[in-house]
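Coordinate analysis (summary)
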Amino acid sequence: MKRWIVAVVLGLLTLGGGRLANAYSLLGGETLRVDENAIHAGIGFPDLTFSYHIPITSNFELAPKFTFFYGGEDPRSTPFLGNTFTLVMRYAFIKGPKFNLALHVDFGFIFAYYPGGFGFGIRLGTPSVVMNYNITPKISLVGGFLIPLAFAAYPHFFAQIPIVFRLGGEFAFTSAINGFVLIEVGPNIYAANGGSFVGVYFRANVGVQYKF
């Protein structure tokens, strides 16, 4: 019986490439090799996301990203629907077998749909940092500090300045497939009409990643 269990476990670990699975990172500071691409799909609060990761060099990566959201990042906000279309850029300036650190920037457009109304905004993600640490070959711990600055341009102007701490993990199922868990939380500063207030920024996502 013990030999049968060991054989099954080894079989699961060696799916998709005939070698032990190793976690890679699409959320941390590790960039893909230039001969690889990957897709990332997640669902949670307040959105579902899909991105396609394209390495340009061994240190620089682009990822067009689509998000469908069904609420604001502040859990207390009134639910509404919308989409974002953004481009994420990662530049890794520390790459190692254990620790990776990258500059992270994303920018694009935000579309919000209200009952009887429509809103438009711009995501201007200021330079942020993301990192990952490979605890084991199969588990990568993810962290980061991000400021995904956004402006609502229509029908009313206001600025949203979140100060976000990222924490999560990516887990290898096979050499090509990861599962992930991600939490982003922090204060969210709103400014409009000469005034401002501080709210809450909270995102939680789980999903899969596929490298090819």
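Residues numbered from 1 in each chain as written. Predicted model: local features only at pLDDT ≥ 70, side-chain atom pairs only at ≥ 80, totals over all residues. Heavy atoms only, no water.

**Describing the packing of aromatic side chains**
What counts, and what does not: Between rings of Phe, Tyr and Trp, where Trp is taken as its six-membered ring, a pair exists when centres lie within 6.5 Å; planes separated by under 30 degrees are stacked, by over 60 edge-to-face, and by other angles tilted. We count a stretch as a helix when DSSP gives it H or I for four or more residues in a row; a strand needs E for two or more, and each element gets its number in order from the N terminus. The rule is simple: take the accessible area with a 1.4 Å probe, protein chains only, and divide by the maximum for that residue type; under 20% is buried, over 50% is exposed, in between is partly exposed.
Inspection of the entire model under this criterion finds 16 aromatic pairs. Look at phenylalanine 66 and phenylalanine 85: their rings are 5.2 Å apart centre to centre, the planes differ by 50°, and that puts the pair in the tilted class. With phenylalanine 66 in strand β3 (residues 60–69) and phenylalanine 85 in strand β4 (residues 81–95), the pair connects residues that are 19 residues apart, well separated along the chain. On the basis of relative accessibility, which here comes to 42%, the residue phenylalanine 85 falls in the partly exposed class. Centre to centre, the rings of tyrosine 113 and phenylalanine 118 are 6.0 Å apart; their planes meet at 35°, and the pair counts as tilted. Under the relative-accessibility criterion, tyrosine 113 is labelled partly exposed at 36%. Residue phenylalanine 118 is classed as partly exposed on the basis of its relative accessible area, which comes to 37%. These aromatic residues form a ring-pair network of at least three members: Phe66, Phe85, Phe109, Phe111, Tyr113, Phe118 and Phe120.

**Re unusual backbone geometry**
Note the cis peptide between phenylalanine 45 and proline 46, where omega equals 0°. In this structure, the amide linkage connecting tyrosine 154 to the following residue, proline 155, adopts the cis form with an omega of 0°.

**Points about the environment of isoleucine 39**
Selection criterion: Every residue pair with non-hydrogen atoms within 4.5 Å of one another is taken to be in contact.
One can find isoleucine 39 in strand β1 (residues 38–45). The exposure class assigned to isoleucine 39 is partly exposed, which follows from its relative accessible area of 27%. Spatially, the C-alpha atoms of isoleucine 39 and leucine 26 are 8.8 Å apart, while their sequence positions differ by 13 residues. Other than its neighbours up to four places away in sequence, isoleucine 39 contacts Leu26, Phe50, Ser51, Tyr52, Val208, Gln209, Tyr210 and Phe212.

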